[in-house]
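# Per-entry structural report
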Amino acid sequence: MSLVQIARTNPQAPFVPLHSLDALWFQVGGTVCNLWCTHCFISCSPKNHTFDFMSRSQVRKYLDASAQYGVKEFYFTGGEPFMNRDMLDILADTLEFGPASVLSNGILISPRVAKRLHEIAGASLYSLELRISLDGFTAFTNDVIRGEGSFRKALAGVKNLVAEGFLPIITCMQSWEDAENAMVLADFTKMLHGIDYSRPRLKIIPPLRIGREEARYRGYTEAEFIAPEMLEGYDERQLLCTSSRMATDRGVYVCPILIEKPDAKLGDSLEESFVPYALRHQACYSCYLAGAICSNFAPARDEQ
Ligand code: SF4
Ligand code: SF4
């Protein structure tokens, strides 16, 4: 979508400021992934190099700069972060600055990688969280979206993490009706107990109807956008873009969701990105409804 088309789509889009830089995200895996999920909202794949891996020195530059802005936590995503050969060193660097979370599909988390993650976490005062994506509690429901064999491989990664003392957050895109939530969460929990994950944590996220998800199921309707009056009385701090930014190999973007939108690039440095942003994209509507859908716990539905 061109900037002209965006302006036509939602010319009255309200702006939100960056209240504080609480979290810094890294597109450390670029748009390169070992899976080709049919719902991927930034269309990642083994061949998508629209964004490439971030180097250790690129990440370090942002970490050094983040200290002066009081960043409290760091998130790593992609693509698949563990396809980046520097990932373990990058995490060791990051844990000098604050807590870190990695969003992964789990497939490359071998016993060796899990052990190294345990060592890296153990050497830091800060916590290391792993979020593993699954799209169903059976191979049938997961693999139709994430690819054949991906359920078995992701669960192996979860098991390896659990064996090293981690409590990975299992993340799943909601593809069922709200009324079925309790049943789905119960089945997820039962499945995870079956692989000796006795205290599973689950996070259900709403679909983002962009990228491949737009073709898989549906895009946004014309009624799904943010009008200025919708922010009256609304706590805009729920939106990730009011408290975080996304660093990539080609500059700083407003959030992890919109990196493919040309207007979402805000500058080449953190400082340049400290500008208000107009919520003109329809994906903003999903954030509006659900809150900080990318963060670890809100609106997570944790099950112990
Ligand atoms: S949804 Fe995640 S695991 Fe699937 S293709 Fe996209 S980045 Fe890769
Ligand atoms: S997609 Fe969400 S986080 Fe990104 S700019 Fe829109 S409201 Fe903010």
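Here the structure is a predicted model, which means the values were calculated and not measured.

Reading the values: the criteria
- Residues take numbers from 1 onward in each chain, read along the sequence in its written order.
- Following the order in which they are written, the chains are lettered starting with A and the ligands numbered starting with 1.
- Per-residue local features are limited, in this predicted model, to residues with pLDDT of at least 70; the limit for side-chain atom pairs, both in listing and counting, is 80 or more; totals at the level of whole chains, interfaces and linings are taken over all residues.
- Side-chain metrics in this entry use all non-hydrogen atoms of the structure; hydrogen atoms and water are not considered.
- Working definition: helices are DSSP H or I runs of at least four residues, strands are E runs of at least two. Numbering for both runs from the N terminus.
- Angular values range over 0 to 180 degrees, each being the angle between N-to-C directions of two axes fitted as lines to C-alpha atoms, with helices fitted over their stretch in contact.
- In this scheme, roughly parallel covers angles under 35 degrees and roughly antiparallel covers those over 145, while 65 to 115 is roughly perpendicular and the rest are oblique.
- Take the far helix as your reference; a near helix turned counterclockwise from it by less than a right angle gives a left-handed crossing, and one turned clockwise gives a right-handed crossing.
- Contact between two residues is taken to exist if any of their heavy atoms lie within 4.5 Å; hydrogens are not considered.
- Charged means Asp, Glu, Lys or Arg here, nonpolar means Ala, Val, Leu, Ile, Met, Phe, Trp, Tyr, Cys or Pro, and polar covers whatever is left, Gly included.
- Near, as used in this document, describes a residue that has one of its heavy atoms within 4 Å of the molecule or strand being considered.
- A 1.4 Å probe that fits but cannot get out identifies a cavity on a 1 Å grid over protein atoms alone, an open set with protein on both sides within 12 Å along at least five of seven lines counts as a pocket, and a residue lines either if it has an atom within 4 Å of a point.
- Whether a molecule lies in a cavity or pocket depends on its atoms, and more than half of them have to be within 2 Å of the grid points.
- Being paired, for any two strands, means DSSP has found at least two bridges between them.

## A closer look at the environment of Arg-199
Of note, Arg-199 is situated in the loop between α7 (181–193) and β7 (201–205). In this structure, the C-alpha to C-alpha distance between Arg-199 and Gly-219, residues 20 residues apart in sequence, is 36 Å.

## Details of the packing of helix α2 (residues 56–66) against helix α3 (residues 87–94)
It is the contact of α2 with α3, at a shortest axis distance of 10 Å, that shows an interaxial angle of 15°. Judged on the interaxial angle alone, α3 and α2 are roughly parallel. The hand of the α2/α3 crossing is right-handed. Contact with α2, carried on its side by Arg-56, Val-59, Arg-60 and Leu-63, involves Asp-89, Ile-90, Asp-93 and Thr-94 of α3 and no other residues of that element. Looking at side-chain class alone, the contact of α2 with α3 contains three nonpolar, one polar and four charged residues.

## Topic: the site of ligand 2
Taken together, the residues surrounding ligand 2 are Leu-240, Cys-241, Cys-255, Ile-257, Leu-258, Tyr-277, Leu-279, Cys-284 and Cys-287. Judged by the proximity of its atoms to the pocket grid, ligand 2 belongs to the second largest cavity. For the shell around ligand 2, a count of residues per class yields nine nonpolar, no polar and no charged.

## Thoughts on the sheet that holds strand β9 (residues 251–253)
The pairing of strands in a sheet comes from backbone hydrogen bonds and takes either a parallel or an antiparallel form. Taken in spatial order, the nine strands line up as β7-β6-β5-β4-β3-β2-β8-β9-β10 in an open sheet, and their pairing is mixed. Edge strands, defined here as strands with exactly one partner in the open sheet, are β7 and β10 (265–267). For this sheet the average axis-to-axis angle between neighbouring strands, irrespective of direction, equals 30°. With four bridges joining them, strand β2 (residues 23–26) and strand β8 (residues 244–248) adopt parallel strand pairing.

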